[in-house]
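In case you want the letters, here they are:
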Amino acid sequence: MVKIESVIPGSPAARCGIKAGEELVSINGSDINDVLDYKYYCTDKKLTLQLGSRTVKIKKQEYDDLGLEFESYLMDKKQHCKNNCIFCFINQLPKGMRDTLYFKDDDSRLSFLQGNYITMTNLTEQDVDRIIKMKLPMNISVHTTNPELRVKMTSNPNAGKCLDYLYRMAAAGIELNTQIVLVPGVNDGKELERTLTDLCMLYPAVKSVACVPVGVTKFRDGLQQIKTFDKQSASAAIDVMQLFGDMMYEKYKDRVVYPSDEFFLTAERPMPDYDYYGDFDQFENGVGMCASLQKEFIDALTDKREFNETDDKPRHLTIATGVLAAPLIETLVNLMKADFPNTEVNVKAIRNDFFGETVTVAGLITAGDMIAQLSPVKDTLGDKILITKNMLKSDEDIFLDDKTLEDVEKALGVPVIPTDNDGYELLDAILETDM
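Residues numbered from 1 in each chain as written. Predicted model: local features only at pLDDT ≥ 70, side-chain atom pairs only at ≥ 80, totals over all residues. Heavy atoms only, no water.

K.L.:
Whenever I open this one, the overall build of the protein confuses me. Can you help?
P.N.:
A tally of regular secondary structure across the protein gives 14 helices and 14 strands. Relative to its length of 435 residues, the protein is compact, with a C-alpha radius of gyration of 25 Å against a globular reference of 22 Å. Taken along its principal axes, the extent of the C-alpha atoms in the protein is 70 × 55 × 45 Å. For the protein, the proportion of contacts with a sequence separation of at least 24, taken over those separated by at least 6, is 69%. When the accessible surface of the protein is split by element, carbon and sulfur atoms take 49% of a total near 20800 Å². Averaged over its 49 positive side-chain charges, the protein has a centre that lies 5 Å from the centre of its 70 negative ones. (Helix = DSSP H or I, 4+ residues; strand = E, 2+ residues; numbered from the N terminus. Rg over C-alpha atoms; globule rule 2.2 N^0.38 Å. Contact = heavy atoms within 4.5 Å. Areas by Shrake-Rupley, 256 points an atom, 1.4 Å probe, with all protein chains shown as cover. Lys, Arg positive; Asp, Glu negative; His and termini not counted. Charge placed at Lys NZ, Arg CZ, Asp CG, Glu CD.)

K.L.:
Is there a simple way to explain the sheet that holds strand E10 (residues 257-259) in this structure?
P.N.:
The pairing of strands in a sheet happens through backbone hydrogen bonds and is either parallel or antiparallel. In space, the four strands of this open sheet follow the order E7-E8-E9-E10, with parallel pairing throughout. The open sheet has two free edges, formed respectively by strand E7 (138-141) and E10, since each of these has just one partner strand. The sheet shows a mean angle of 20° between the axes of neighbouring strands, direction not considered. Across three bridges, the pairing between strand E9 (residues 206-213) and E10 is parallel. Across the sheet, the residue bridging to Ala210 is Tyr258, located in E10. Across the face of the sheet, helix H8 (residues 231-252) comes into contact with strand E8 (176-182), E9 and E10 while running at roughly 155° to E10. (Pairing = 2+ DSSP bridges. Axes fitted to C-alpha atoms, helices over the stretch in contact; angles between N-to-C directions.)

K.L.:
Is there a simple way to think about unusual backbone geometry in this case?
P.N.:
A negative phi holds for most residues other than glycine; trans holds for most peptide bonds. Along the chain, Tyr203 connects to Pro204 via a cis peptide bond; the corresponding omega equals 10°. Within the element layout of this structure, Pro204 appears in the loop between helix H7 (189-200) and E9. Here the phi dihedral of Val256 falls at roughly 70°; this positive angle occurs in a residue that is not glycine. Along the polypeptide, Val256 turns up in the loop between H8 and E10. If you check the backbone angles, Asn308 has positive phi at about 55° while not being a glycine. Inspection of the secondary structure puts Asn308 in the loop between helix H10 (289-306) and strand E11 (315-322).

K.L.:
Any chance you could explain helix H13 (residues 405-412) here in plain terms?
P.N.:
Residues separated by three or four positions in an α-helix point in the same direction, a consequence of the helix having 3.6 residues per turn. For H13, the set of buried residues is Leu405, Val408 and Leu412. All buried residues of H13 fall inside an arc of 65° around its axis, so they share one side. At its buried positions, H13 is contacted by helix H12 (367-374), strand E13 (385-388) and strand E14 (416-419). Gly413 sits one or two positions beyond H13 and adopts a positive phi of about 80°. (Buried < 20%, exposed > 50% of the residue type's maximum accessible area, 1.4 Å probe, protein only. Arc of directions from axis to C-beta.)

K.L.:
In this structure, what is going on with the sheet that holds E14? I would like to understand it.
P.N.:
An order of E12-E11-E13-E14 is seen for the four strands of this open sheet, with the pairing classed as parallel. Pairing within the sheet leaves two strands with one partner each, and these edge strands are strand E12 (343-350) and E14. Each adjacent strand pair in this sheet contributes to an overall mean axis angle of 25°, direction not counted. Looking at chain direction, E13 and E14 are connected through four bridges and run parallel. Each bridged residue has a counterpart across the sheet, and for Ile387 the counterpart in E14 is Pro418. Across the sheet, H12 touches E11, E12 and E13, and the angle it forms with E12 is around 120°. Relative to E11, helix H14 (residues 423-431) is tilted by about 140°, and along the sheet it contacts E11, E12, E13 and E14.

K.L.:
Could you clarify how one ought to interpret the nonpolar core in this entry?
P.N.:
One recurring pattern in soluble globular proteins: nonpolar side chains tend to sit buried together. One finds Leu24, Leu68 and Met169 to be the most contacted residues of the largest nonpolar core, which totals 75 residues. Counting residues per element, this core draws most heavily on H8, at seven residues. Every residue in contact with Leu24, bar those within four places of it in the chain, is listed here: Met1, Val2, Ile4, Ile32, Tyr38, Leu49, Gln50, Leu51, Leu68 and Phe70. Membership of the second largest hydrophobic core comes to 22 residues, among which are Phe297, Ile329, Ala429 and Ile430. (Core = buried A, V, L, I, M, F, W, Y, C linked by side-chain atoms within 4.5 Å.)

K.L.:
Is there a simple way to explain the pattern of salt bridges in this structure?
P.N.:
Side chains that differ in charge, positive against negative, can pair when their charged atoms come close. A complete count under the given rule lists 21 salt bridges for this structure. Between Arg269 and Asp239 there is a salt bridge whose closest N-O contact spans 2.9 Å. Remark: Asp239 occurs in helix H8 and Arg269 occurs in the loop between helix H9 (261-267) and H10; sequence separation between them is 30 residues. Connected through shared salt-bridge partners, Asp34, Asp37 and Arg130 make up one network. (Salt bridge = Lys/Arg side-chain N within 4 Å of Asp/Glu carboxyl O.)

K.L.:
Help me understand the side chain of Gln282, please; the structure alone is not making it clear to me.
P.N.:
Relative to the helices and strands, Gln282 resides in the loop between H9 and H10. Among the polar contacts made by the side chain of Gln282, one reaches the main-chain carbonyl oxygen of Thr178 at a distance of 2.9 Å. In contact with Gln282, other than residues within four places in its own chain, are Tyr117, Asn177, Thr178, Ser208, Val209, Ala210 and Val287. (Polar contact = N/O pair within 3.5 Å; in protein donor to acceptor, adjacent residues only side chain to side chain.)

K.L.:
What exactly am I supposed to notice about the environment of Thr366 here?
P.N.:
Tracing the backbone through its elements, the reader meets Thr366 in the loop between E12 and H12. The contact partners of Thr366, leaving out residues within four places of it in the chain, are Phe354, Phe355, Phe399, Leu400 and Asp401.

K.L.:
Quick question: what am I supposed to make of the packing of H10 against H14 here?
P.N.:
Helix-helix packing: each pair is described by the crossing angle between the helix axes and the interaxial distance. For the pair H10 and H14, the least separation of the axes is 7 Å and the interaxial angle reads 55°. The angle between the axes of H10 and H14 places the two elements in the oblique class. Note on packing geometry: the crossing formed by H10 with H14 is right-handed. Across the interface between the two elements, Leu293, Glu296, Phe297, Asp299, Ala300, Leu301, Asp303 and Lys304 from H10 touch Gly423, Tyr424, Leu426, Leu427, Asp428, Ile430 and Leu431 from H14. Considering only residue class, the contact of H10 with H14 consists of nine nonpolar, one polar and five charged. (Parallel < 35°, antiparallel > 145°, perpendicular 65-115°, else oblique. Left-handed = near helix turned anticlockwise from the far one by under 90°. Nonpolar A, V, L, I, M, F, W, Y, C, P; charged D, E, K, R; others polar.)

K.L.:
Where do I start with helix H5 (residues 147-154) in this structure?
P.N.:
Every buried residue of H5 is accounted for by Leu149, Arg150, Met153 and Thr154. Down the axis, H5 shows its buried residues gathered within 120° of arc, on one side only. H5 presents Glu148 and Lys152 as exposed residues on the side facing more than 90 degrees away from its buried surface. On its buried face, H5 sits against E7, helix H6 (163-171), E8 and H7. Of the residues that open H5, the one with a side-chain oxygen 3.1 Å from the backbone nitrogen of Glu148 is Asn146.

Set out below in structure tokens:
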């Protein structure tokens, strides 16, 4: 039972006289407790809604929304993570950041609706039954298929047992994208081989496996000390992943197992080409972003040549990015110089002093670090600074340290332009053109 907050004017619900403040009990006899129930059961053309003590019948087009709005998106509270993982990034945040950054969700509904990854430790038998009934694709943080090690890594005694949910969902044909956060000396090496063996045996239900390296900040006082990957250990991990990926590709023409871009950059190994990543199932996990950006940028340059849009007017700007991504951005800029020799682009790798130098990805750069490191060279920045949108809160122009784009612009005296991880958009932002 959920309370209706408002009704959209002109919607099927409004036309049938449903009012804000009424309580939705069931649809076609099925109880409604949250957003998944609501979305699943209101797809039919003919619906019978139980609203408290009265019944309302509605006819609508299949899959059309009823027009009911609720107090929260999930229609109840988010499920908080019950784990205390040895690699948890949130446990490594400094004090004083905005409250929402400290919330650890582990909610199967957000896995389906927003692509979040869950460890399954919050799932119940009823939850798994519903996932199977509704055929909901899931994103699962596996980390290891060794039950004892999984308990140790998550500090949750149920973490090993709930691996059974993974096998149940796979057996029912639920599409599963999985991830492994690799910690050197903990779940890599032979343990990684075991985990990849188990996950690959669940193909095609397990559609993809992304392996990402553990992130370690300087705020680990009181936490278990863990290592980060270096050139040698990252290269060894890639070798294991490539072995399994090659085997899966040979057998199924589907690579399935992918190292994140961070592994290749840390190991100083060539990044795979665009075709290596198939359907880019793990793009948001940092898998294939570099290959995608490079191909799109080169394609965009090719388009400029074909349409004779290689004007040579003077331009001067700066791209601020992370330490890991800077060499790739410099390579792309150098490619561009052949067609636009009068376009001067300074690529600035921003060292992460806020979280510590072991954090090298662009998405975790703060405004404070950018201001501190670019202020001394303010006169060389050019007419604007380009950054990746990943540095900002998804719905606001706010960095992780709560400073805004406007704060950075005022401090540095030039506009700051966020761009997507898209080669076409990056080239257009550099050249100030619209395609």
